[in-house]
Amino acid sequence: MKSILFHVKPLLFGACLFVFTTCTFAQHFGTARIEVKPLPAFPSKQAVIEASYVSSPLFSSLSPDVKEWYYWTNYTRLRPRAMWDSVIEPILKIYPNLNTGYAKSLKQDLYQATNLPPLTPNSKLLDLAFGHARDLASNNARASHSSTNGATFDDRMTRAGILKCAGENISVGAMNTIMSLVFLLLDQGIPDVGHRKALLNPRYTEVGIGLARYKDGNVVVVQDFACPQTMK
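Let us look at the structure shown here. Just so it is clear, the model here is predicted, and its values are computed rather than measured. Per chain, residues are indexed from 1 in the order of the written sequence. Local features are withheld for residues below a pLDDT of 70 in this predicted model, meaning they are given only at 70 or higher, and side-chain atom pairs are given and counted only at 80 or more; totals for whole chains, interfaces and linings count all residues. Each side-chain value is derived from all of the structure's non-hydrogen atoms; neither hydrogens nor water enter the calculation.

### Regarding the pattern of salt bridges
Here comes step 1: A pair is scored as a salt bridge if a Lys or Arg side-chain nitrogen falls within 4 Å of a carboxyl oxygen belonging to Asp or Glu. Throughout the structure, instances matching the rule amount to 3 salt bridges.
Here comes step 2: Between Glu 68 and Lys 45 there is a salt bridge, and its shortest N-O distance comes to 3.0 Å. Of this pair, Glu 68 sits in helix H2 (residues 64–78) while Lys 45 sits in the loop between strand S3 (30–35) and helix H1 (47–54), and the two are 23 residues apart along the sequence.
Here comes step 3: Each residue's exposure class comes from its accessible area (1.4 Å probe, protein chains only) as a fraction of the maximum for that residue type: buried when under 20%, exposed when over 50%, partly exposed otherwise. Given the relative accessible area of 27%, Glu 68 is considered partly exposed.
Here comes step 4: Residue classification places Lys 45 among the partly exposed residues on the basis of a relative accessible area of 40%.
Here comes step 5: Its salt-bridge partner being Arg 196, residue Asp 109 comes within 2.9 Å of it at the nearest N-O pair. One end of the pair, Asp 109, is in helix H4 (residues 101–112); the other, Arg 196, is in helix H8 (residues 194–199), and 87 residues separate them in sequence.
Here comes step 6: Of the residues examined, Arg 196 reaches a relative accessible area of 2% and is grouped as buried. Under the scheme used here, helices are H or I runs from DSSP no shorter than 4 residues and strands are E runs no shorter than 2 residues, and both carry numbers assigned from the N terminus.

Quick look at the structure:
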C-alpha cells in the first residue's frame, strides 16, 4: 500500500494590529498519513476566481504550481460552501477515516463563512514565502516557522516591513495542491484549528505562497498572509 505523509504547522497572528509578542493563537504540528487513492473529479476552473488574482502584475512571474495554490485558496474563500460540497465532501467519501469531528466543524465554518476577500499576491510576502520554503528544503530542515539561521517568524516579517496582522501556514507532503489544502482546512488533531483560521480570516487580503522540494521528493508549501499593508 502506497501512502502519502502530510505535515502541517500553523502560526497565526490575528487578534490585534501589532501582535508579534502576545497574540499568538496557534503554533502546533500535526501529521497525517493516507493511502493513495484516485481522487474525485473537481469543479472546472472558474473565471471569476482566477480574476481575483490574475490581474496582479506579479501573476506572470508565478509558477504553475503556485498559481494552482492561489486558485484553490481563493476558491475556498470566495466559494466556501462549494468548497465543502464539491471538493471536501467527495474526498471524505473516499477517505471516511477523515470524516471526524474536525470535518463536521469545518463544514459548519465553511457554511458560515461570508464576505471573505480574495487574497492577492504581494511581492514582499512572496519573497518571504519562497525564501522560507527554500531555506527549509535546501537544508533538509523540519517544518518550522524559524529559519535555519535562527530568525523567527516575527524577525522575518519585521525585517520585511510587515507591521500589521500577519500569519503563516506551512505544509510538507506529496505534491497535491487540493489534498494539501484540505488537510490544512481540516486541521486534524489541532484543537484550535489554526490553519483554518488563517485561511478563513476575513482580515487577510494579501498572501505570498512559496514552494520548494526536499531531496526525498516531498514539497514544502509556505503561505504568508497579511492584512492590507502599504508595501507593494
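Additional details are given in the paragraphs that follow.
### Points about the state of the cysteines
Here comes step 1: Note on disulfides: each one is a pair of cysteine sulfur atoms within 2.5 Å. Counted according to the given criterion, the structure contains 1 disulfide.
Here comes step 2: Linked covalently through their sulfurs, Cys 165 and Cys 227 form a disulfide whose S-S length is 1.4 Å. The chirality of the disulfide connecting Cys 165 with Cys 227 is left-handed, given an S-S dihedral of about -105 degrees. Residue Cys 165 is found in the loop between helix H6 (153–159) and strand S5 (166–173), and its partner Cys 227 is found in the segment after strand S7 (219–226); the two are separated by 62 residues along the sequence.

### Overview of the packing of H2 against helix H3 (residues 80–94)
In a pair of packed helices, the angle between the axes and the distance between the axes together describe the arrangement.
Here comes step 1: At their nearest, the axes of H2 and H3 sit 4 Å apart, and the two run at 115 degrees to each other. Classified by the interaxial angle, the pair formed by H2 and H3 is roughly perpendicular. Residue-level inspection shows Trp 72, Tyr 75, Thr 76, Arg 77 and Leu 78 of H2 in contact with H3, the latter providing Pro 80, Ala 82, Met 83, Ser 86 and Val 87.
Here comes step 2: Residues are sorted three ways: Asp, Glu, Lys and Arg are charged, Ala, Val, Leu, Ile, Met, Phe, Trp, Tyr, Cys and Pro are nonpolar, and all the rest, Gly among them, are polar. Grouping the amino acids of the contact of H2 with H3 by side-chain chemistry returns 7 nonpolar, 2 polar and 1 charged. As a rule, the C-alpha atoms of each element are fitted with a line to give its axis, helices using only the stretch in contact, and angles between N-to-C directions run from 0 to 180 degrees. With respect to orientation, any angle under 35 degrees is reported as roughly parallel, any angle over 145 as roughly antiparallel, any angle of 65 to 115 as roughly perpendicular, and every other angle as oblique. Here, residues are in contact when the closest pair of their heavy atoms is within 4.5 Å.

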